[in-house]
Structure formats: structure tokens, C-alpha cells
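# Notes for the structure review
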Amino acid sequence: MVLLRLAFRNIWGAGLRTWLNAIVLSISFVAIIWTQGLYEGMAEQVSREMIKVSVGGGQIWHSNYDPYDPLTLDESHGQIPPICQQWIANDQAAPVLIHQGAIYPQGRMQQILLKGIDPGQQIVQLPTQGLANHDRLTGLIGARMARKTGLQKGDYITIRWRDSKGVFDAADVQIAGIFDTYAASIDQNQIWLPLNRLQRMLAMPDQATMFILDREFSPSKIPEGWLFKRQNDLLANIQEIVQAKSVGASILYVVLLLLAMLAIFDTQVLSIFRRRKEIGTLIALGMTRSRVIGLFTLEGSMHGVLAAIVAAIYGIPLLVWYAVYGLGLPIDAENYGIALGQRIFPIYSAGLIIGTTLLIMIVVTIISYWPTRRIAKLKPTDALLGKTQ
Amino acid sequence: MENEVQVKTEHLVKRYPMGAESFPALQDINLQFMKGEFTGIVGPSGSGKTTLLNIIGTLDKPTEGEALLLGKTISKLTHKEGAKIRNEHLGFIFQTYNLLPVYTVFENVEFPLLLLSMEKKERDEAVWQALEWMQITEKAKVKPNQLSGGQAQRVAIARSIVKKPKIVIADEPTANLDAKNSHRILQLMVDLNKDLQTTFIFSTHDEKVIQYLRRIINLEDGRVASDELVELNGIATQE
Ligand SMILES: Nc1ncnc2c1ncn2[C@@H]1O[C@H](COP(=O)(O)OP(=O)(O)O)[C@@H](O)[C@H]1O
Ligand SMILES: [Mg+2]
């Protein structure tokens with residue numbers, strides 16, 4: 001208590017310098033919470049969207065299916081097992097058949113994926129009902145795919161594929177609808193077709209590559225030759241991408257933090273040098289050197305506390321504003337690996353705020369303690385004379 | 001009790017390293033200080049006064065010989081034990097006052113009591129009493145930078161005696177004060193010495209101070225040149 005009061009008075013008394021330190025430090029505070037909150041919000045938002053439009057409550061994959069290896073795609077499908085038939089009938093799963101194909105927008109060939117899905121499915125929120133009840137072959141594409149190919153609703157596009165017997169075939173698809181999503185994995189380079197039509201086109205009756213499970217449904221057993229992919233595993237990829245991005249952004253606030261640390265370190269060194277007579281006096285009054293070291297360390301750490309207060313004053317309104325109104329990202333932030341067409345709403349979790357506060361306090365305390373070690377070497381007699389070693 | 005020895009030095013030597021050589025600041029000092037003394041260590045600048053007071057005050061250690069404070073061997077005290085003795089039994093007064101600039105007068109005087117973890121009520125009483133003794137109560141709420149030299153030194157004395165220590169060590173307390181303030185401060189210290197039986201050990205080369213002393217130890221080049229008791233009536237005529 002004695003130290004706390006004295007430390008507080010000392011840094012309060014230091015006036016402008018203290019506030020400069022606190023302000024610099026508070027900027028790192030807000031920057032860390034803001035950027036991390038943005039990434040947490042991004043991960044959360046994209047995850048939610050992914051669950052809604054593609055991941056569902058998890059997926060069951062054909063054991064050969066590897067979304068990153070298009071070359072094996074043609075062997076990655078199988079007969080729909082009876083148990084899955086039952087799930088489909090119960091609206092607990094939606095089968096998807098995936099195959100390679102090509103389109104020729106503006107006369108140039110482009111490899112795409114043909115994805116077959118049941119127009120009546122209720123598992124994912126895609127406008128698949130648009131594929132139903134048409135005499136013509138109709139398809140759905142995502143907004144990015146539409147932008148890239150210049151296709152609009154009602155347009156026709158020729159698709160080409162090789163069926164299970166190795167025979168090439170082609171057909172015209174009319175675009176029945178364009179959907180908008182963050183999830184690049186169901187948008188980029190692909191076209192969604194009615195499942196039974198695709199099965200017929202490929203000569204793969206009753207076959208599927210995977211099943212998307214309902215969010216409420218957890219399968220009691222997985223049929224042989226198929227693998228269960230849990231929801232979290234399917235989302236891990238996104239979280240990883242977002243995390244990698246956030247590491248990149250952290251360079252910014254590491255620099256900010258470093259600047260703040262430098263300022264505090266400098267303040268500490270200066271204050272120990274200028275106040276050596278005071279240090280001698282405190283020792284003469286009966287304080288141990290370790291308590292004097294504690295005092296100066298405490299003074300340094302208090303910059304962290306002040307910074308938190310300053311950060312709260314301008315940071316909370318700022319952070320809340322972003323949480324409410326979100327941050328608009330450029331429409332084609334394709335470099336992010338995730339399509340981000342819309343606004344991002346940052347999420348400031350308790351863990352993030354407590355973690356950041358702890359991190360800053362620990363770093364500030366270490367930086368504050370560091371220069372005080374020279375007090376341990378200071379002789380009280382020299383200190384009283386204003387001498388340093 | 002009357003003849004209690006509080007400080008004792010035996011063949012005390014202090015050398016400071018000077019290049020390859022060493023410089024003897026104190027040589028073969030044999031002194032005793034009794035409870036209630038009002039003693040000045042007098043000598044020109046560089047004669048070793050501060051060095052001696054620092055050792056007695058446990059802020060420094062002898063190179064050779066021994067110094068005892070309140071029965072404890074100073075050279076054997078750890079940092080912590082030294083701090084404890086200073087905290088409980090010693091008061092320091094410095095030439096440059098050394099008040100804590102961020103604290104008010106009241107808080108400065110209170111500080112040693114906080115280190116002793118004294119209760120607030122007791123603390124407040126002791127602080128006001130010390131301020132009254134030093135006739136500086138009206139400045140209780142003021143910060144040190146608004147005090148004159150004489151006022152600041154009175155606050156420093158209040159701080160040194162607030163915990164009623166056994167010994168007050170004062171290194172040239174009047175060196176920065178004018179004649180009027182020097183006399184006032186010495187008179188206050190004489191009164192405290194009488195009322196509280198506190199031992200005062202000064203260093204000084206100020207003629208004005210010398211007339212208040214009851215024992216004068218002359219230091220010359222780190223040696224005791226003379227050690228005399230002064231007749232009490234010497235002061236009585238002063239007023
Ligand atoms: N830390 C030190 N290192 C080297 N020499 C010192 C140191 N402190 C004091 N001295 C020397 O010791 C002698 C006595 O000093 P000091 O005790 O300060 O004398 P006084 O207080 O009587 O002026 C002086 O010659 C001084 O230069
Ligand atoms: Mg001196």
C-alpha cells in the first residue's frame with residue numbers, strides 16, 4: 001500500500017511524460033484488441049456462413065475424396081449406402097456428387113467442378129429449389145463465379161464433361177440463380193446442378209461424393225468406405241487462414257508495442273538517474289533496496305494501468321462503433337482465401353481483452369523492472385551524494 | 001539507563017579505493033556515544049565527518065575495526081537488517097533536506113510511520129505532534145517546492161523524529177540555512193533532545209552550531225583530534 005501510493009504520486013507528478021507513455025501504450029492496446037477482434041469476428045462470421053451454406057453439422061466423405069486434389073476426383077464417389085438413403089429420406093443429410101468439367105466463357109476453356117445437389121434439400125441454405133421443375137438443364141452459380149465468367153441469370157453456358165465410361169459429352173446449362181456468399185469453397189470455379197441430372201449425365205446413378213449433415217443431426221454410425229468429417233475439422237481450415245492473417249497483422253502492433261516499451265524503458269532509466277538522491281533517502285529512511293526496486297517497477301507498470309484507462313476512454317467508443325457498424329472490406333479480398341463481400345463485425349471476447357491486458361501488463365512490468373536492477377548496485381552513500389556508479 | 005552506550009567504534013578505519021592506492025578517510029576512530037547525547041563532529045570539509053556518520057547510520061561499512069550500533073555489529077548487518085534498524089531506531093537529517101517532492105509536508109512526515117505499518121489514528125497524532133514541535137503545522141498541505149529552506153529543514157527534522165527514534169543523525173543540517181534559521185533549528189533540536197531524550201549526532205563546520213553542542217569531537221584528516229564535553233551554562237547564556 002505504501003509503495004502503491006508513492007508510486008502513483010510519482011507517476012502522476014511526472015505529468016506530461018507519464019501521459020505520453022500511457023497514450024503511446026494505449027494505442028497498442030486498442031490496436032491489438034481491434035485487429036484481433038476483427039479477425040475473431042471474421043473467423044466467426046465466415047464459420048457461421050460456412051455452416052449455413054456448406055459445412056452443415058459435418059460431412060461424410062467418400063474415402064477417396066480430397067478437395068485439394070482434382071485429379072482423384074473421378075474416383076471419389078460411390079453408391080449411396082442404405083443408411084444414408086435413410087438419412088436423406090429423413091431430411092438429415094443431403095448428398096452431393098462432384099465431378100470435373102469444363103466451360104468455355106468467351107471461347108476460353110476453364111476447368112470447373114460440377115456439383116450435383118438435390119433441389120429439394122433443406123440441409124444447406126442454398127437456393128437449390130431454383131433447380132427444380134425445369135425441363136431444361138439449369139444451374140446455380142455463386143456471385144464470384146458470375147463476375148468472373150460474366151454470366152447472368154437466364155444466360156446459357158455450355159459445359160463439357162467425361163462420364164464414368166470415359167465418354168465426352170456436352171450440354172447447355174441455363175443459369176437459374178446466382179447466390180452470394182463469403183464461402184469461396186462453394187462459389188469459385190463451380191456450377192451447381194440438380195443431383196439426378198448430374199448422376200444421369202455422368203452415368204453414375206445413385207452415387208455421391210459426400211453428404212452434408214443437418215446441423216441437429218449426429219450420425220450413430222458411419223458406413224464403410226466413407227469418412228466422417230466433423231464440423232470443427234471442416235472449419236479448422238478457415239480458422240487457420242484467419243489466424244495466419246492475424247499473425248501478419250500483429251507485426252503492426254508489435255512495432256507499436258515496441259515503441260511504447262522504448263518510451264517506458266527510457267522513462268525508467270531517466271527517472272532512476274534523476275532520482276538517485278531520493279533512492280538514497282528512501283534507503284536511509286529504512287526501505288530495503290528490494291522495496292525501492294519494487295517502487296520503481298510499480299511506477300513503470302502503472303503506465304500499463306493508465307494506458308488501459310486511456311485506451312478505455314477512446315477505445316471503447318471506437319471498438320463499439322466498429323462492432324455495431326462493422327468494417328467494410330474490399331469486395332474482392334480474394335487474397336484472404338475467403339470471399340469477403342460484406343462488412344466484418346469484430347468480436348471482442350473476454351479472452352481477447354483479458355489476454356491483451358495481461359500481455360501488456362507483463363511486458364510493461366518486465367520493461368520497468370529491467371532498468372531498476374541498477375538500483376541494486378547503487379550504494380546508498382553514493383546515491384545520497386547524487387553519484388552513480 | 002543513563003549510561004547506556006548506543007554507538008561504539010573500535011579502531012575504525014575507512015579507506016576509499018583511489019586507483020591502485022587507497023585513501024584513508026577515517027583512521028583508528030575510537031568513540032562512544034551515550035543515550036541522550038547532543039554531540040557535534042566538527043572539522044573542515046574532507047575531514048571524514050560524512051563518512052563517519054554514514055557508518056554509524058548503517059549506510060556504509062568500515063574497512064577495518066568495528067562499529068556497534070545499539071549492540072549490533074554494523075559490518076555484519078545484512079541489507080535487510082540495516083534497513084530494519086534504520087526504520088525503527090534511526091532518524092536522518094540531510095544538508096539538502098531530501099524531502100519527497102510528490103508528497104505534501106504531512107505525507108513526508110507520515111512516510112516513516114507508514115514504513116513501520118502504524119495505525120492511521122496513531123500515525124495522524126504523531127505527525128501533528130511532530131509538526132507542532134517544529135512549528136510548521138500551517139504548511140501541512142503544502143508540497144516541498146513551496147517551502148523556504150528553513151521550513152523544509154524543519155519538515156525534515158519532523159520526519160526524522162516523528163517515530164521517536166533512539167538516535168538522530170544530522171549531516172551538516174544548517175549548511176544551506178541563514179543565521180536566523182540555523183539558530184531556530186538548533187534550538188528546536190536542543191528542546192527535542194531534552195524532551196524526548198533522543199541522541200543527536202551532528203556533523204558541522206558551522207560556528208553557529210558549535211555553541212549549542214554539549215560535546216564536540218574534532219576530526220582532522222580522518223583522525224579524532226580532540227573530544228570535549230562543554231559546560232552546560234555555555235548555552236544557558238545564549239538566549
Ligand atoms: N565515495 C568516495 N570515494 C572516494 N573518496 C571519498 C568518497 N567519499 C568521501 N571520500 C573522501 O574521503 C574524505 C572524507 O570525506 P567526507 O567524509 O565526505 O568528509 P566531510 O564530510 O568531512 O567533508 C574526503 O577526502 C573525500 O574526498
Ligand atoms: Mg560531508
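Structural notes, computed from the coordinates. Model, not experiment: these values are computed from the prediction. (Residues numbered from 1 in each chain as written. Chains lettered and ligands numbered in written order. Predicted model: local features only at pLDDT ≥ 70, side-chain atom pairs only at ≥ 80, totals over all residues. Heavy atoms only, no water.)

## Some points on the overall build of chain B
Tallying secondary structure elements over chain B gives 8 helices and 10 strands in all. Its C-alpha atoms give chain B a radius of gyration of 18 Å, near enough to 18 Å, the size a compact globule of 239 residues would have. Projecting the C-alpha coordinates of chain B onto the three principal axes gives extents of approximately 50 × 45 × 40 Å. A total of 239 residues make up chain B; the buried ones form 54% of that total. Contacts in chain B between residues far apart in sequence, at least 24 positions, make up 69% of those at least 6 positions apart. (Helix = DSSP H or I, 4+ residues; strand = E, 2+ residues; numbered from the N terminus. Rg over C-alpha atoms; globule rule 2.2 N^0.38 Å. Buried < 20%, exposed > 50% of the residue type's maximum accessible area, 1.4 Å probe, protein only. Contact = heavy atoms within 4.5 Å.)

## A closer look at the overall build of chain A
Within chain A, the regular secondary structure consists of 10 helices and 13 strands. Against the 2.2 N^0.38 benchmark of 21 Å for 389 residues, chain A shows a C-alpha radius of gyration of 31 Å, more extended than a compact globule. Burial analysis of chain A (389 residues in total) assigns 51% to the buried set. In chain A, of all internal contacts separated by at least 6 residues, the share reaching a separation of at least 24 is 77%. As displayed, chain A offers around 18500 Å² of accessible surface, 59% of which is attributable to carbon and sulfur atoms. Here chain A carries 34 positive and 28 negative side-chain charges, and the mean point of each set is 19 Å from the other. (Areas by Shrake-Rupley, 256 points an atom, 1.4 Å probe, with all protein chains shown as cover. Lys, Arg positive; Asp, Glu negative; His and termini not counted. Charge placed at Lys NZ, Arg CZ, Asp CG, Glu CD.)

## Brief notes about the interface of chain B and chain A
On the chain A side, the residues contacting the 24 residues of chain B number 21 residues. For the chain B and chain A pair, buried surface summed over both sides reaches about 2200 Å², with 64% attributable to carbon and sulfur atoms. Area buried by chain B at its contact with chain A is led by B:Leu59, B:Val102 and B:Leu115, which between them contribute 24% of it. For the interface between chain B and chain A, the tally reads 2 salt bridges. Among the ionic pairs, B:Glu110 bridges to A:Arg5, the shortest N-O distance being 2.9 Å. Where chain B touches chain A, the interface holds 8 residue pairs in polar contact (both at pLDDT 80 or more). Residue assignment for the side of chain B that touches chain A shows that the elements contributing at least two residues are helix 2 (79-89) and helix 3 (105-115) of chain B. (Buried area = accessible area lost by both parts, 1.4 Å probe. Salt bridge = Lys/Arg side-chain N within 4 Å of Asp/Glu carboxyl O. Polar contact = N/O pair within 3.5 Å; in protein donor to acceptor, adjacent residues only side chain to side chain.)

## A look at the sheet that holds strand 5 (residues 72-73) of chain B
Pairing between the strands of a sheet comes from backbone hydrogen bonds, and it takes one of two forms, parallel or antiparallel. Residue and element names in this part refer to chain B. If you walk across this open sheet you meet the 4 strands as 2-1-4-5, and the pairing is antiparallel. At either end of the open sheet lies a strand with only one pairing partner, and these are strand 2 (21-34) and strand 5. Here helix 1 (residues 49-56) sits on the sheet in contact with strand 1 (5-18), strand 2 and strand 4 (64-69), set at roughly 60 degrees to strand 2. (Pairing = 2+ DSSP bridges. Axes fitted to C-alpha atoms, helices over the stretch in contact; angles between N-to-C directions.)

## Re the site of ligand 1
Not every one of the 13 residues close to ligand 1 is listed here, only the nearest: B:Gly46, B:Gly48, B:Lys49, B:Thr50 and B:Thr51. Around ligand 1, the neighbouring residues derive from chains A and B rather than from a single chain. The side chain of B:Thr50 places a nitrogen or oxygen atom 2.6 Å from an oxygen atom of ligand 1. In the environment of ligand 1, an oxygen atom lies 2.5 Å from a nitrogen or oxygen atom belonging to the side chain of B:Thr51. In isolation ligand 1 exposes 560 Å². Once the protein is present, 70% of that is buried. Elements with a contribution of two residues or more to the shell around ligand 1: strand 2 and helix 1 of chain B. The element that contributes the greatest number of residues to the shell around ligand 1 is helix 1 of chain B, accounting for 3 residues. (Near = heavy atom within 4 Å.)

## Here we look at the side chain of A:Gln268
Note that A:Gln268 resides in helix 6 (residues 231-274). Among residues more than four places away in sequence, those in contact with A:Gln268 are A:Phe296, A:Thr297, A:Gly300, A:Ser368, A:Pro371 and A:Thr372.

## Description of the sheet that holds strand 9 (residues 215-220) of chain B
All names here are of chain B. Taken together, the 6 strands give an open sheet; going across it, the order is 6-7-8-3-9-10, and neighbouring strands pair in mixed fashion. Only two strands of the sheet have a single partner each, and these edge strands are strand 6 (90-93) and strand 10 (223-229). Direction aside, neighbouring strands of the sheet carry axes that sit 15 degrees apart on average. Here helix 2 sits on the sheet in contact with strand 6 and strand 7 (167-171), set at roughly 80 degrees to strand 6. The strands touched by helix 5 (residues 149-161) are strand 6, strand 7 and strand 8 (199-204); relative to strand 6, the strand with the most contacts, the crossing angle is about 170 degrees.

## Some words on the side chain of B:Gln6
Residue and element names in this part refer to chain B. As for its position among the elements, Gln-6 is in strand 1. With relative accessibility at 3%, the residue Gln-6 sits in the buried group. Side chain to side chain, Gln-6 and Thr-199 meet in a polar contact 2.4 Å long. Leaving out residues up to four positions away in the same chain, Gln-6 has contacts with Phe-33, Met-34, Lys-35, Leu-68, Leu-69, Leu-70, Lys-166, Ile-167 and Thr-199.

## Details of helix 3 (residues 82-89) of chain A
All names here are of chain A. Among the residues making up helix 3, those that are buried are Ile-83, Cys-84 and Trp-87. When helix 3 is viewed along its axis, its buried side chains cluster within an angular range of 95 degrees and face the same direction. Set apart from the buried face of helix 3 by more than 90 degrees, the exposed residues are Pro-82 and Ala-89. Lining the buried residues of helix 3 we find strand 1 (59-62), strand 3 (93-103) and strand 10 (210-213). Asp-91 sits one or two residues past helix 3 and shows a positive phi near 60 degrees. (Arc of directions from axis to C-beta.)

## Here's the deal with the pattern of salt bridges
One pass over the structure, following the stated rule, counts 18 salt bridges over all chains. Note that A:Asp233 and A:Arg230 form a salt bridge whose closest N and O atoms lie 3.5 Å from each other. Given the relative accessible area of 42%, A:Asp233 is considered partly exposed. One salt bridge in this structure joins B:Lys120 and B:Asp124, with 2.9 Å as the shortest N-O distance. Of the two residues, B:Lys120 and B:Asp124 both sit in helix 4 (residues 120-133), 4 residues apart, roughly one turn of that helix. Residue B:Lys120 is classed as partly exposed on the basis of its relative accessible area of 49%. In this structure, a network of salt bridges that share partners links the residues A:Arg5, B:Glu110 and B:Arg123.

## A word on the packing of helix 6 of chain A against helix 8 (residues 289-325) of chain A
Residues and elements named next belong to chain A. Running from N to C, helix 6 and helix 8 cross one another at 150 degrees; their axes reach a closest spacing of 10 Å. In terms of orientation, helix 6 and helix 8 fall into the roughly antiparallel class. Here helix 6 and helix 8 pass one another in a crossing that is right-handed. Side by side, helix 6 and helix 8 meet where Ile-264, Thr-267, Gln-268, Ser-271 and Ile-272 of the first sit next to Phe-296, Thr-297, Gly-300 and His-303 of the second. (Parallel < 35°, antiparallel > 145°, perpendicular 65-115°, else oblique. Left-handed = near helix turned anticlockwise from the far one by under 90°.)

## Some details on the environment of B:Lys76
Looking at the element boundaries, B:Lys76 is found in the loop between strand 5 and helix 2. Taking the C-alpha atoms as reference points, B:Lys76 and B:Glu66, 10 residues apart in sequence, are found 9.7 Å from one another.

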